[in-house]
Amino acid sequence: MERDVRQRLASSFGAVAGAYAEHRPDYSPAAVRWALESAPGSRVLDLGAGTGKLTGTLVALDADVVAVEPDPAMLAGLRRALPTVRAVQGSAERIPLPDASIDVVLAGNALHWFEMAVAGPEIARVLAPGGVLAGLWNVVDDRVDWVAALAQVSGSAAIGPRDTRSSWRAATAGLHRPRGEVSASFGAAEQAEFPHRQSRTADSLVTTLSTRAGMLVMPEQERRATLDRIHAFLTGRQETGSGEFTLPMLTGVLRTRRLRSH
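A few points on the structure. The structure displayed is predicted, hence computed values, not measured ones.

On to the overall build of the chain. On a plain count of helices and strands, the chain comes out with 12 helices and 9 strands. For the chain, the residues scored as buried account for 53% of the 262 residues in total. Looking at the chain alone, contacts between residues at least 24 apart form 77% of all its contacts between residues at least 6 apart. Taken as a whole, the chain presents about 11,800 Å² of accessible surface, with 49% of it coming from carbon and sulfur.

What follows is the structure, encoded as structure tokens:
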């Protein structure tokens, strides 16, 4: 993804911070526990924390967490939702934390926005030797027939990629490359997927999908037509047309470790 396109998409969420906080799903606790399980300690950084969806799951698991988020509106939402969490403005490319001060860096639906040629060495800097970097992505479970049909009706701008590993490859293209004399020096990635779900109605799922970056930057007429098409699909299906339903999801995780020799 070209840098200016990625930046436009990544910076689109602040305008809908309230809807994002209300309608985006949290993360599977089992997925978060798996991401944390091999860490050398308990200090966790939620990087690109948004309004605190992943941060809240970490708090519920009693993690010692600090959140870093670049967008002022998203950061304000996080601070309102989780006032006891240390939440600071910063970015993956400039993390306002000391060297080797973190045992785990987690990024929830955010790693693909990072400029990894810069962010990789910066993440390595704040991680203790043997520390873990993990990306988490919530995706709809299109193994379910009606969800697969929804994905076809909605398009990639609303649903996003199903393949977590594709997101990881795109996100970490610069992770193992030297930058000057500094190498990020991460090992091979491990992958796992965990069942997750979200209670939705037709209206609330349409609102959820409207907060995706591809939808936010879409021309208004096309955006409205896409959302109307999704709403018509949902209200016309037996599974989703009458009140509240469960949206089947997966939380995909890919984790890697900072090599101790660097």
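Still to come is the rest of the account.
This brings us to the nonpolar core. If you look at the biggest cluster of nonpolar residues, it comprises 26 residues, and the most contacted ones within it are Val 32, Leu 58, Leu 106, Leu 136 and Val 253. The dominant element in this core, judged by the number of residues it contributes, is helix α3 (residues 29-36), at 5 residues. Look past the residues within four positions of Val 32 in its chain and what remains in contact with it is Tyr 27, Leu 54, Thr 57, Leu 58, Leu 61, Leu 106 and Leu 136.

What follows deals with the pairing of strand β1 (residues 43-47). Counting buried residues in β1 gives 4 out of 5 residues, a clear majority hidden from the surface. Crossover β1 to strand β2 (residues 64-69) through helix α4 (residues 53-60) is right-handed.

A few words now on the sheet that holds strand β4 (residues 102-108). In space, the 7 strands of this open sheet follow the order β3-β2-β1-β4-β5-β9-β8, with mixed pairing throughout. Two strands bound the open sheet, and with one partner strand each, they are β3 (86-89) and β8 (190-200). In this sheet, neighbouring strand axes are inclined to one another by 25 degrees on average, regardless of whether the strands run parallel or antiparallel. Bridge count between β4 and strand β5 (residues 127-140): 6 bridges; the pairing is parallel. Along β5, the bridge assignment pairs Val 105 with Leu 133. Contacting β8 and β9 (245-257), helix α10 (residues 202-210) runs over the sheet at an angle of about 135 degrees to β8.

Looking now at unusual backbone geometry. For Asp 62, which is not a glycine, the phi torsion comes out positive at approximately 65 degrees. Inspection of the secondary structure puts Asp 62 in the loop between α4 and β2. You can call Asp 62 exposed: its relative accessible area is 70%. A positive phi angle is found at Ala 100, which is not glycine, with a value near 50 degrees. Exposure remark for Ala 100: the relative accessible area of 36% places this residue in the partly exposed category.

A word on the packing of aromatic side chains. Counted according to the given criterion, the structure contains 4 aromatic pairs. The cationic tip of Arg 255 hangs over the ring face of Trp 34; the distance from NZ or CZ to the ring centre is 3.7 Å.

Here we take up the packing of α3 against α4. Their axes nearest at 10 Å, the elements α3 and α4 cross at an angle of 80 degrees. In terms of axis orientation, α3 runs roughly perpendicular to α4. Here Pro 29, Val 32 and Leu 36 of α3 come into contact with α4, specifically with Leu 54, Thr 57 and Leu 58. Considered class by class, the residues forming the contact of α3 with α4 number 5 nonpolar, 1 polar and no charged.

Our focus in this paragraph is the side chain of Thr 240. Assignment of secondary structure puts Thr 240 in the loop between α12 (220-236) and β9. From its side chain, Thr 240 meets the backbone oxygen of Leu 234 in a polar contact 2.6 Å long. Ignoring any residue separated from it by four or fewer positions in sequence, one finds Thr 240 in contact with Trp 146, Ala 202, Phe 233, Leu 234 and Phe 245.

What counts and what doesn't
- Residues numbered from 1 in each chain as written.
- Predicted model: local features only at pLDDT ≥ 70, side-chain atom pairs only at ≥ 80, totals over all residues.
- Heavy atoms only, no water.
- Helix = DSSP H or I, 4+ residues; strand = E, 2+ residues; numbered from the N terminus.
- Buried < 20%, exposed > 50% of the residue type's maximum accessible area, 1.4 Å probe, protein only.
- Contact = heavy atoms within 4.5 Å.
- Areas by Shrake-Rupley, 256 points an atom, 1.4 Å probe, with all protein chains shown as cover.
- Core = buried A, V, L, I, M, F, W, Y, C linked by side-chain atoms within 4.5 Å.
- Right-handed = clockwise from strand over helix to strand, strands pointing away.
- Pairing = 2+ DSSP bridges.
- Axes fitted to C-alpha atoms, helices over the stretch in contact; angles between N-to-C directions.
- Phe/Tyr/Trp six-rings, centres within 6.5 Å; stacked < 30°, edge-to-face > 60°.
- Lys NZ or Arg CZ within 6 Å of the ring centre and 35° of its normal.
- Parallel < 35°, antiparallel > 145°, perpendicular 65-115°, else oblique.
- Nonpolar A, V, L, I, M, F, W, Y, C, P; charged D, E, K, R; others polar.
- Polar contact = N/O pair within 3.5 Å; in protein donor to acceptor, adjacent residues only side chain to side chain.

All we've got here are geometric facts, nothing functional implied.
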